[in-house]
Amino acid sequence: MSDVPGQPAPAEAGATVSRDLPAPGRALAIGAHPDDVEFGCGGTLAKWAAAGCTINHLICTDGSKGSWDAKADTAKLVATRQDEQRAAAAALGSTGEVVFLGWPDGELEAGLRQRWEVAYWIRRLKPDIVLGHDPWRRYCLHPDHRNAGFLVCDGIVAARDPHFFPEQGEAPHRPTTLLLWEADEPDHVEDVTAFVGAKLAALLAHTSQFETTMGELDQFEQRVRERLAEHGARIDVTAAESFKKLDRL
Ligand SMILES: [Zn+2]
């Protein structure tokens, strides 16, 4: 569940930003809930997939609170949201893994066990670029988004160092770049003008979230396009996604 569709407004005009990384060979996007990855970086992932990048998803929680129906069958909801997440990944052109850690929605902690799991999947999937929530985004209300952001950062530190979790039996892996979406201080922009349709298709694959997150579909699409346009204005393109970029990992 995303509390806002898209991303905060970009920082003041005139600030230095980088743009358009070369498409990596492998990328791993780590979200708190099914649909967070598509909101945060769906256009960028679709662009890289089209360039031959293997896109992987890691979803930390089971999405079991993504309904306003107090009587909803949560086991069924979890299964539905997993199917939707796989369909969304396919809509982005993903050919990689879609992994679910399955922690209870709303109760994700950035603890050692969770860090162990995130580090394991970074070592297994060997992404060049990792993408995730910005844990330092001010006034971010949702605890899962904050904690998933910390897990991304802490998981990278553990994955790259051989003295963390040697019992995993996986070689250490150091990604080159971390991109944080909904960033408090965005300094990197990806032009996704040709991939707005793919991002929308992936978002709309999360059918069960129409009521709680998306509302009226034509207005939802309009809001997503407006957000992408705001970010695109920074680099004079029609649509873009913004990130905080860390590349000394
Ligand atoms: Zn979410």
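Computed from a predicted structure; not experimentally measured.

Novice: Can you break down unusual backbone geometry residue by residue, with the values?
Specialist: Glycine aside, residues mostly have negative phi, and peptide bonds are mostly found in the trans state. One non-glycine residue with positive phi stands out, namely Y139, at about 65°. Here Y139 shows up in the loop between β5 (129–133) and α4 (143–160). When its relative accessible area of 80% is taken as the criterion, Y139 is described as exposed. Even without being glycine, E182 reaches a positive phi, approximately 45°. Turning to its location among the elements, E182 is positioned in the loop between β6 (177–181) and β7 (188–191). With a relative accessible area of 5%, E182 lands in the buried category.

Novice: Account for the nonpolar core, with residues named and values stated.
Specialist: One finds I30, L58, L101, V118, W121, I156 and L178 to be the most contacted residues of the largest nonpolar core, which totals 27 residues. Setting aside residues no more than four positions away along its own chain, L178 makes contact with V130, L131, V152, C153, I156, K244, K245, L246 and L249.

Novice: Report on the sheet that holds strand β2 (residues 26–31), specifying residues and quantitative values.
Specialist: If you walk across this open sheet you meet the 8 strands as β1-β7-β8-β6-β5-β2-β3-β4, and the pairing is mixed. A single partner strand is all that each edge strand has here, and the edge strands are β1 (18–19) and β4 (98–103). Here α4 sits on the sheet in contact with β2, β3 (54–61), β5 and β6, set at roughly 155° to β5.

Novice: Requested: an account of the pairing of strand β8 (residues 240–246), with residues and values cited.
Specialist: Counting buried residues along β8, 5 of its 7 residues qualify, which places the element largely inside the surrounding structure. As judged from the 3 bridges shared by β6 and β8, these two strands associate in the antiparallel manner. Across the sheet, residue L179 finds its bridge partner in β8, namely K245. Relative to β8, β7 runs antiparallel, the two sharing 4 bridges. Residue pairing in the sheet places H188 in a bridge with F243 of β8.

Cut-off values and rules
- Residues numbered from 1 in each chain as written.
- Predicted model: local features only at pLDDT ≥ 70, side-chain atom pairs only at ≥ 80, totals over all residues.
- Heavy atoms only, no water.
- Helix = DSSP H or I, 4+ residues; strand = E, 2+ residues; numbered from the N terminus.
- Buried < 20%, exposed > 50% of the residue type's maximum accessible area, 1.4 Å probe, protein only.
- Core = buried A, V, L, I, M, F, W, Y, C linked by side-chain atoms within 4.5 Å.
- Contact = heavy atoms within 4.5 Å.
- Pairing = 2+ DSSP bridges.
- Axes fitted to C-alpha atoms, helices over the stretch in contact; angles between N-to-C directions.

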